[in-house]
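The chain contents come next:
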Amino acid sequence: MTVRTRFAPSPTGFLHIGGARTALFSWAYARKHQGDFILRIEDTDVARSTPEAVQAILDGMNWLGLSWDEGPFYQMQRMERYKEVIQKLLDEGKAYHCYCSKEELDALRESQMQQNLKPRYDGRWRPELGKELPARPEGVSPVVRFKNPQTGNVVWNDLVKGQISIANEELDDLIIARGDGTPTYNFCVVVDDWEMGITQVIRGDDHVNNTPRQINMLVALGAAIPQYAHLSMILGDDGQKLSKRHGAVSVMQYDEDGYLPEAVLNYLGRLGWSHGDDEIFSMEQFCAWFDLDHITPSAAQFNTEKLKWLNAHYIKQADIARLAQDIKQRLVKLEVDTTAGPNLTAVIQLYRERANTLNELAASVAYFYQKPAIDPAAVEKHITPDILPIIKAMVVELAKIEWTTEAIHGVIEKMVTENSLKFPKVAMPLRVMITGGAQSPSIDAVMALLGAEEVLSRISTFAD
RNA sequence: GUCCCCAUCGUCUAGAGGCCUAGGACACCUCCCUUUCACGGAGGCGACCGGGGUUCGAAUCCCCGUGGGGACGCCA
């Protein structure tokens, strides 16, 4: 049987890091087994679903490169089918109408809570042999409830958490269609997972408690039961739960912040899953290795530092033309014009090993295209009065040479030797004059790239 | 409250009863490299939640406790 997995987000917000990992794992599982990965948009909550959110999710998936084989399917477009199945269940006596008002239900829930009971529907409209149902109230459009088994246990072997068993006594007759006839989440999931032939349901573990209900419905429908793999959640950097109010950001924010998608993917792949001691792997490698056996059942805390480390790694590996393209855009946002000035590719080559993010890389390279911001502390420390005459002498020498790194290096070396100095004594003030600060790659290489005219101009503002 | 789940360095994790004096990675510290800062290299610090069992032997299996999380919607 071919493997078929799905990612089924509800379009009530962007694709966040937890959803992205769920999608990644589902995707990788399908890839690993030459199966199909299906994207399904669960938009039955009309009040909260938005087309913008749908687009945001699609954008996130595309940025990460998680491509789907089927879909996106939209549940709102499958209404007729859900209603047919509900009618079937009704006809077979596996579901029934319930005329309880929300107020009644609230009161019931409250009194159960007060008695320290698990709040649940008491089955007052559940038809039973020889049982007399309440009189139907006027003008109430009933909801449809699924007739859940009342005895026995629902047991499944969760591919991540192991065997889980829940007593049917803990469950109640859930609503599968609202008063207006629209089906609810738990029901749509069941119909879709069934009809889309999903073989492995990989999802967040906030769905563990829905699983027994879904299995019961699948059984009632005579459908095959898929395997389930429940992923534990991802906590924020501070160990706190991620929520819209706290720490949950769109994966696209990582793009904004200068992370490469392959770094995010690699990081997410390693968060809650392992392949021995392997830390760095391509998606190709990940798909070949991925399995459900090595997923950690406990929650994982997100660690931005480690993501940065991976990002730095991938910046070093990335195709230079792609980097140049990207950095150019980021410089535009910083209002830096790269059309004049040194070759951007060469500049990036010089800097790529020093950056954790693309934003850092862009910012650190800006001084090649505009006058640098001057760090006063660096000026005070390195541009001392005693060195100025030597710098001035060096300017004269620099004017004579062919403008290459080697030749520039030779000039600095010459000044160092002639004045019996250490190399940094000359290099540091130069660095500050040219880059504005005390950190940069080899100053001779920087000078070579920047060009003689600009270098001399920058020096002259300090040494004239 | 009820039910379900989880528990190894600060963090992500390896670990399938002896290979564990518990391994790797990020972070941190030291040293080396060096033209500053990074990169890179070599070291270092640092953990099996507690208590009972089972066993010749437990990080690993079982029970209890503790702690954390999730679920209990005409949300998904």
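Residues numbered from 1 in each chain as written. Chains lettered and ligands numbered in written order. Predicted model: local features only at pLDDT ≥ 70, side-chain atom pairs only at ≥ 80, totals over all residues. Heavy atoms only, no water.

Peer 1: Got a sec to walk through the overall build of chain A? Specific residues and values, please.
Peer 2: Along the backbone of chain A there are 19 helices and 12 strands. For 464 residues, the compact-globule estimate of 2.2 N^0.38 gives 23 Å, and the C-alpha radius of gyration of chain A, at 32 Å, exceeds that figure by more than 25%. For chain A, the C-alpha atoms occupy an extent of roughly 110 × 45 × 40 Å along the three principal directions. Burial analysis of chain A (464 residues in total) assigns 48% to the buried set. Averaging the locations of the 48 positively and 62 negatively charged side chains of chain A gives two centres separated by 2 Å. (Helix = DSSP H or I, 4+ residues; strand = E, 2+ residues; numbered from the N terminus. Rg over C-alpha atoms; globule rule 2.2 N^0.38 Å. Buried < 20%, exposed > 50% of the residue type's maximum accessible area, 1.4 Å probe, protein only. Lys, Arg positive; Asp, Glu negative; His and termini not counted. Charge placed at Lys NZ, Arg CZ, Asp CG, Glu CD.)

Peer 1: Could you give me a rundown of unusual backbone geometry, with the residues and numbers involved?
Peer 2: For the peptide bond that leads from glycine 71 to proline 72, omega is 0°, which places it in the cis range. Even without a glycine there, the phi angle at asparagine 116 is positive, about 60°. Within the element layout of this structure, asparagine 116 appears in the loop between helix H4 (102-114) and strand S5 (143-146). Given the relative accessible area of 72%, asparagine 116 is considered exposed.

Peer 1: Requested: an account of the protein's contact with RNA strand B, with residues and values cited.
Peer 2: Taken together, 64 residues surround RNA strand B, and among them Asp45, Arg178, Arg354, Ser440 and Asp444 come closest. Near the protein, meaning within 4 Å, the atoms of RNA strand B are sugar or phosphate in a fraction of 69%, with bases accounting for the rest. Contact between RNA strand B and asparagine 116: a sugar or linking oxygen at 2.5 Å from a main-chain N or O atom of the residue. One of the side-chain N or O atoms of aspartate 277 is found 2.9 Å from a base nitrogen in RNA strand B. In terms of residue count, helix H17 (residues 423-435) provides more of the surface near RNA strand B than any other element does, five residues in total. Residue composition of the surface near RNA strand B, by class: 21 nonpolar, 21 polar and 22 charged. (Near = heavy atom within 4 Å. Polar contact = N/O pair within 3.5 Å; in protein donor to acceptor, adjacent residues only side chain to side chain. Nonpolar A, V, L, I, M, F, W, Y, C, P; charged D, E, K, R; others polar.)

Peer 1: Which residues make up the layout of surface pockets, and what values go with them?
Peer 2: Regions of empty space are outlined by a rolling probe, equal in size to a water molecule, passed over the atoms. Roughly 1400 Å³ of internal volume is contained in the largest pocket. Where the lining of the largest pocket is concerned, the elements lending two or more residues are strand S1 (4-7), helix H1 (17-32) and strand S9 (200-204). Residue contributions to the lining of the largest pocket peak at four residues, all from H1. Split by residue class, the lining of the largest pocket holds 13 nonpolar, 12 polar and 11 charged. (1 Å grid on protein atoms, 1.4 Å probe; cavity = no way out; pocket = protein on both sides within 12 Å on 5 of 7 lines; lining within 4 Å. Points joined across faces, edges and corners; volume = space filled by probe spheres on them.)

Peer 1: A description of the environment of lysine 83 should follow, citing residues and the corresponding values.
Peer 2: Along the chain, the position of lysine 83 falls in helix H3 (residues 79-91). Along the sequence, lysine 83 and isoleucine 176 sit 93 residues apart, while their C-alpha atoms lie 10.0 Å from each other.

Peer 1: Account for the packing of aromatic side chains, with residues named and values stated.
Peer 2: Tallied over the full model, the rule gives 16 aromatic pairs. With a centroid separation of 4.6 Å and 25° between ring planes, the pair formed by tyrosine 367 and phenylalanine 368 is classed as stacked. According to the relative accessible area criterion, tyrosine 367 is buried, its value standing at 8%. A residue is classified by how much of its surface remains accessible, and phenylalanine 368, at 3% relative accessible area, is buried. Among the aromatic side chains, those forming a connected cluster through ring pairs are Phe25, Trp273, Phe281, Phe286, Trp289 and Phe290. When the ring centre of tyrosine 121 is taken as reference, the NZ or CZ atom of arginine 145 above it lies at 3.5 Å. We note arginine 354 situated over the ring of tyrosine 351; from NZ or CZ to the ring centre the distance is 5.9 Å. (Phe/Tyr/Trp six-rings, centres within 6.5 Å; stacked < 30°, edge-to-face > 60°. Lys NZ or Arg CZ within 6 Å of the ring centre and 35° of its normal.)

Peer 1: Describe the pairing of strand S2 (residues 36-41), naming the residues involved and giving the relevant values.
Peer 2: Taken across its six residues, S2 has five buried, putting it largely inside the fold. In terms of handedness, the path from S1 via H1 over to S2 forms a crossover that is right-handed. When S2 meets strand S3 (residues 70-74), the two strands line up parallel, connected through three bridges. Residue pairing across strands places isoleucine 38 opposite glutamate 70, the latter belonging to S3. The β-α-β motif built from S2, the intervening helix H2 (residues 51-64) and the parallel element S3 has right-handed crossover chirality. (Right-handed = clockwise from strand over helix to strand, strands pointing away. Pairing = 2+ DSSP bridges.)

Peer 1: Can you tell me about H1, naming the residues and giving the values?
Peer 2: End to end, H1 covers 22 Å across 16 residues, agreeing with the expected 22 Å (1.5 Å per residue, within 8%). Taken across its 16 residues, H1 has 14 buried, putting it largely inside the fold. Remark: glutamine 34 follows H1 within two positions and exhibits a positive phi of approximately 55°. (Expected span 1.5 Å × (residues − 1).)

Peer 1: Explain the pattern of salt bridges to me, using residue names and the numbers behind them.
Peer 2: Inspection of the entire model under this criterion finds 32 salt bridges. Here arginine 109 makes a salt bridge to aspartate 106, at a shortest N to O gap of 3.1 Å. Here aspartate 106 and arginine 109 lie together in helix H4, a separation of three residues that amounts to about one turn. On the basis of relative accessible area, aspartate 106 is assigned to the partly exposed category, the value being 42%. Within the structure, one salt-bridge network assembled from shared partners comprises Arg6, Arg40, Glu42, Arg78, Arg81, Glu84, Asp192, Asp193 and Glu195. (Salt bridge = Lys/Arg side-chain N within 4 Å of Asp/Glu carboxyl O.)

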